[in-house]
Amino acid sequence: MPLRVGVIGAGFMGRHHVRIYREMPEVELVGVADVDESAAEVAAEYHVSFFKDYRKVLELQPELVSIAVPTSLHHEIALAALRNGTHVLVEKPISNRLDHAREIVQAGAESCCKVFVGHVERFNPAIRSLKEVLQKGTLGQVHSIANLRVGRYNKRIFDTGIILDLGTHDIDLISYLFGHRAASVFAVGSLQPGRDYEDHATITLKFDQDQTGYIELSWLSPYKVRKMFVTGTRHFGLVDLIEQSIIVYDGQRWADSGLVSRDEPLKLELASVVEAVQHDLPPSVSGEDSIYTLQVALEAMRSYREGKAFHFPEFAGSSYPIGNK
Ligand SMILES: NC(=O)c1ccc[n+]([C@@H]2O[C@H](COP(=O)([O-])OP(=O)(O)OC[C@H]3O[C@@H](n4cnc5c(N)ncnc54)[C@H](O)[C@@H]3O)[C@@H](O)[C@H]2O)c1
């Protein structure tokens, strides 16, 4: 039996969910909801019923819904879906508020429904390969991972700054690659006149075992870059998340890792979510991981405002592993 799925929010991200679910034979896409009538075109293109009110999609009793509405609305819609007995895939970040994020995860536990959070970069084939490279110890001991994520601001992002919108990708990725939670965060940030949230930020994450994460974020760059620089004691790795490539410098020359088999990260993410629902598997990105990521992002915002570092002694050590896989 195909899995009955709905999509709530069919803007920039939601329309990709619609497209991919529609291509999956193991999915029956039952409905798409968006308050904006023009999103009906997306539903029409993929021959799916369209509703302006998301509750109409929930009335169809889908087993899973993707929630791809602005971040500040994730909480309301995720709670409604979970209380309806529907598993949810919430786009990242899980919420813009920690209490809301916790309520979403709690509602999942109470309703025995799964909460997936769309940290899609975990499914980037370059990240999957990098994780393997790190686990094999090819780079030696890795002391620092530096991520560069810059490009132009898009005004459709009205309810968060760059730390919540983009930085959460990197907080999640770096923690996942080191395999555990950061113990402190320090950030500097700035915003352009007329903007409510930061457009530029540099975040430093300090992990136990002498590991550091650096994240450079900007919406002021005319050029889009998504790169990671991984410094190991033996080799240096350069990852391009757009090209989906890893090249490694061994001290004398650069070589392609030859490991990456390219694919669309969202396709891999949705396949993993559908499989987890159908076979009752734990989510690859747990609700707890996404609460942690949000907490670090919110503390990074507080850090640039107050000009000081924040520590998470409760996260120290490896008792908080990140990622099930
Ligand atoms: N995983 C990623 O890489 C990635 C990339 C982009 C966006 N996102 C996340 O996806 C979410 C949506 O971002 P976006 O860029 O697609 O924004 P968007 O503005 O393009 O789309 C949001 C859509 O939600 C609709 N909407 C608003 N309120 C609604 C409601 N009550 N019911 C139904 N629909 C409603 C809007 O009309 C709009 O079409 C955000 O949380 C964002 O952080 C994730």
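Quantities reported herein were computed from a predicted structural model and do not represent experimental measurements. (Residues numbered from 1 in each chain as written. Predicted model: local features only at pLDDT ≥ 70, side-chain atom pairs only at ≥ 80, totals over all residues. Heavy atoms only, no water.)

S.K.: Explain the overall build of the protein chain to me, please; I cannot follow it from the model alone.
M.R.: Along the protein chain, the regular secondary structure elements total nine helices and 15 strands. Against the compact-globule benchmark of 20 Å for 325 residues, the protein chain has a radius of gyration of 20 Å, which places it among compact chains. Along the longest, intermediate and shortest principal axes, the C-alpha atoms of the protein chain span 60 × 45 × 40 Å. Here the protein chain, with 325 residues, has 55% of them falling under the buried criterion. The contacts of the protein chain with a sequence gap of at least 6 include a subset with a gap of at least 24, amounting to 68%. (Helix = DSSP H or I, 4+ residues; strand = E, 2+ residues; numbered from the N terminus. Rg over C-alpha atoms; globule rule 2.2 N^0.38 Å. Buried < 20%, exposed > 50% of the residue type's maximum accessible area, 1.4 Å probe, protein only. Contact = heavy atoms within 4.5 Å.)

S.K.: Can you help me understand the environment of Leu-173 in this one?
M.R.: Of note, Leu-173 is situated in helix 7 (residues 162-178). When its relative accessible area of 0% is taken as the criterion, Leu-173 is described as buried. A sequence separation of 73 residues divides Leu-173 from Ile-246, and the C-alpha atoms of the two residues are 15 Å apart.

S.K.: Would you take a moment to explain the site of the ligand for this structure?
M.R.: Around the ligand, 24 residues are found, and the nearest of them are Phe-12, Met-13, Asp-34, Lys-92 and Arg-156. At 3.4 Å from a nitrogen atom of the ligand is found a main-chain nitrogen or oxygen belonging to Val-35. At 2.9 Å, a side-chain N or O of Glu-91 approaches a nitrogen atom of the ligand. In the complex, the protein chains occlude 84% of the 840 Å² of accessible area that the ligand would expose alone. (Near = heavy atom within 4 Å. Polar contact = N/O pair within 3.5 Å; in protein donor to acceptor, adjacent residues only side chain to side chain. Areas by Shrake-Rupley, 256 points an atom, 1.4 Å probe, with all protein chains shown as cover.)

S.K.: It is not clear to me how the nonpolar core should be interpreted in this structure. Could you clarify?
M.R.: If you look at the biggest cluster of nonpolar residues, it comprises 72 residues, and the most contacted ones within it are Ile-163, Ile-203, Leu-205 and Met-228. The element that contributes the greatest number of residues to this core is helix 7, accounting for ten residues. Of the domains in this structure, domain 1 (3-118) and domain 2 (121-263 + 285-315) are the two that each give at least three residues to this core. When near neighbours in sequence (up to four residues on either side) are disregarded, Ile-163 contacts Thr-168, Glu-198, Ala-201, Ile-203, Leu-217, Ala-297, Ala-300, Met-301 and Tyr-304. (Core = buried A, V, L, I, M, F, W, Y, C linked by side-chain atoms within 4.5 Å. Domains from an automatic or database assignment.)

S.K.: Could you clarify how one ought to interpret the domain arrangement of the protein chain in this entry?
M.R.: Where interface size is quoted, it is often the accessible area lost as the parts come together. As assigned here, the protein chain comprises domain 1 (3-118) and domain 2 (121-263 + 285-315). When each unit is reduced to the centre of its C-alpha atoms, the spacing between domain 1 and domain 2 is 27 Å. The interface of domain 1 with domain 2 comprises 16 residues on the first partner and 16 residues on the second. Summing the contributions of domain 1 and of domain 2, the shared interface buries around 1,400 Å²; its carbon and sulfur component is 66%. Looking at the side of domain 1 facing domain 2, the largest losses of area belong to Lys-92, Leu-98 and Val-117, adding up to 33% of the total buried there. Summed over the shared surface of domain 1 and domain 2, the result is zero salt bridges. Applying the counting rule to domain 1 against domain 2 returns three residue pairs in polar contact (both at pLDDT 80 or more). The dominant element in the side of domain 1 that touches domain 2, judged by the number of residues it contributes, is helix 5 (residues 98-111), at four residues. Taken together, the residues of the side of domain 1 that touches domain 2 break down into nine nonpolar, four polar and three charged. (Buried area = accessible area lost by both parts, 1.4 Å probe. Salt bridge = Lys/Arg side-chain N within 4 Å of Asp/Glu carboxyl O. Nonpolar A, V, L, I, M, F, W, Y, C, P; charged D, E, K, R; others polar.)

S.K.: Before we go on, may I ask you to explain the packing of helix 4 (residues 74-83) against helix 5 in this structure?
M.R.: The relative placement of two packed helices comes down to the angle between their axes together with the axis-to-axis distance. Two numbers describe how helix 4 lies on helix 5: the axes approach to 9 Å, and their chain directions differ by 5°. Classified by the interaxial angle, the pair formed by helix 4 and helix 5 is roughly parallel. Every residue of helix 5 that contacts helix 4 at His-74, His-75, Ala-78, Leu-79 and Leu-82 is listed here: His-100, Glu-103, Ile-104, Ala-107, Gly-108 and Ser-111. When grouped by side-chain class, the residues that make up the contact of helix 4 with helix 5 number five nonpolar, five polar and one charged. (Axes fitted to C-alpha atoms, helices over the stretch in contact; angles between N-to-C directions. Parallel < 35°, antiparallel > 145°, perpendicular 65-115°, else oblique.)

S.K.: Sorry, what's going on with the packing of aromatic side chains here?
M.R.: The description of an aromatic ring pair uses the distance of the two centres, along with the angle that the planes make with each other. Applying the stated criterion across every chain yields a total of four aromatic pairs. The structure contains a cluster of three or more aromatic residues connected by ring pairs, namely Phe-236, Tyr-249 and Trp-254. Across from the ring centre of Tyr-54, 5.9 Å away, lies the NZ or CZ of Arg-55, which sits over that ring. Cation over ring: Arg-195 sits above Tyr-153, and NZ or CZ is 4.0 Å from the ring centre. (Phe/Tyr/Trp six-rings, centres within 6.5 Å; stacked < 30°, edge-to-face > 60°. Lys NZ or Arg CZ within 6 Å of the ring centre and 35° of its normal.)

S.K.: Please explain the sheet that holds strand 9 (residues 200-207) as it appears in this structure.
M.R.: As a general point, the strands of a sheet are linked pairwise by backbone hydrogen bonds and lie either parallel or antiparallel. Across the sheet, which stays open at both edges, the nine strands sit in the order 14-13-12-11-7-10-9-8-15 with mixed pairing between neighbours. The open sheet has two edge strands, strand 14 (254-256) and strand 15 (310-311), and neither has a second partner. Relative to strand 13 (residues 245-249), strand 12 (residues 236-240) is paired through five bridges, and the arrangement is antiparallel. Residue pairing across strands places Asp-240 opposite Ser-245, the latter belonging to strand 13. Against the sheet, helix 9 (residues 287-306) contacts strand 8 (184-190), strand 9 and strand 15, and its axis sits at roughly 55° relative to strand 8. (Pairing = 2+ DSSP bridges.)

S.K.: Hey, could you run me through the side chain of Asn-124 in this one?
M.R.: Inspection of the secondary structure puts Asn-124 in the loop between strand 6 (115-118) and helix 6 (125-136). Overall, Asn-124 belongs to the buried group, its relative accessible area being 1%. Here the side chain of Asn-124 touches Ala-126 through a polar contact of 2.9 Å, landing on its backbone nitrogen. Residues within four places of Asn-124 in sequence aside, it is in contact with Leu-241, Gln-244 and Pro-265.

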